[in-house]
Amino acid sequence: MTDFKQHVRAGLLAVTAAALLAGCRAAPERDMARRLPPPAQDYLLITSYFMAEGALVSRLQDGGLSGQQVYDMAISLKYGKRMLVAALEKPSPAARRRGRQAVEIMLACTSQPDPATLGGRTPARCLPGAPLFPSAAGHAAGIPDADRPHANGQAQPQPAGPARK
C-alpha cells in the first residue's frame, strides 16, 4: 500500500519549489548602480562618460564616416558633457538618469556603421528625433550657412586661409 502522506509531501515540496523559482523570476531586476550611494553613482557616471568620449574619439580617428555621422557624434558629445555637468552640479536621480541616457546616446553614435558598407543607403541617425539638417534648425542653432553640411551629409569645403575665430 502506498503512503498517501509521502505523495502529498512530495507534491507540496514541488509546488513550493516552483513558487519560489517563479517569485525569484518575477522580482523586478534592479540596476546594481542604483543601489550604490550617490557619490559612487556620480563616480560611475563620470568614468562611463570618459570611456564613451574615448570611444567617440577613437571612432573619429578610424575614419570612414559621413559628415552627418561626424556631426551627430559631435552633438552627442556636447549633450553628454552638458548632462554630466548638470548631474554633478545639482545631483538627483533624474539628473543621473539623464546623464546615463546621454552616455548611451554617445555609445550609439560610436557604433554607427561605415557608410561604404551600406550600399549607397543613408545610415540611420544615432540621435533620437534628430532632424536631417533643416535650414531653420541650423539658423536657430546659430550655425552659419558655410558651416552647415550639404543634404548628402558632406561638409562644404573651407576656404584656404587663416582659421576663423
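Look a little higher up for the structure.
Note that the coordinates shown come from a computational prediction; the quantities given were computed from them, not determined experimentally.

A. Up close: the packing of helix α3 (residues 67-89) against helix α4 (residues 93-110). Orientation of α3 relative to α4, taken along the N-to-C sense of each, is 160°, at an axis distance of 8 Å. As far as their axial angle goes, α4 and α3 are roughly antiparallel. Helix-helix and strand crossings are classified by hand; for α3 and α4 the assignment is left-handed. The segment α3 lies against α4, with Asp72, Met73, Ser76, Leu77, Tyr79, Gly80, Met83, Ala86 and Ala87 engaging Ala95, Arg96, Arg98, Gly99, Ala102, Ile105, Met106, Cys109 and Thr110. When its residues are assigned to classes, the contact of α3 with α4 shows eleven nonpolar, four polar and three charged.

B. The arrangement of the pattern of salt bridges in detail. Within this structure, the stated rule accounts for two salt bridges. Residue Asp42 pairs with Arg96 through a salt bridge whose shortest N-O separation is 2.7 Å. Of this pair, Asp42 sits in helix α2 (residues 38-62) while Arg96 is found in helix α4, placing the two residues 54 residues apart along the sequence. Of the two residues, Asp42 and Arg96, neither departs from the other in class, the shared state being buried. In this structure, Asp72 engages Arg125 in a salt bridge whose closest nitrogen and oxygen atoms are separated by 2.7 Å. Taken together, the residues Asp72 in helix α3 and Arg125 in the loop between α4 and α5 (135-140) connect sequence positions 53 residues apart. By relative accessible area, which is 23% here, Arg125 ends up partly exposed.

Conventions and cut-offs
- Residues numbered from 1 in each chain as written.
- Predicted model: local features only at pLDDT ≥ 70, side-chain atom pairs only at ≥ 80, totals over all residues.
- Heavy atoms only, no water.
- Axes fitted to C-alpha atoms, helices over the stretch in contact; angles between N-to-C directions.
- Helix = DSSP H or I, 4+ residues; strand = E, 2+ residues; numbered from the N terminus.
- Parallel < 35°, antiparallel > 145°, perpendicular 65-115°, else oblique.
- Left-handed = near helix turned anticlockwise from the far one by under 90°.
- Contact = heavy atoms within 4.5 Å.
- Nonpolar A, V, L, I, M, F, W, Y, C, P; charged D, E, K, R; others polar.
- Salt bridge = Lys/Arg side-chain N within 4 Å of Asp/Glu carboxyl O.
- Buried < 20%, exposed > 50% of the residue type's maximum accessible area, 1.4 Å probe, protein only.

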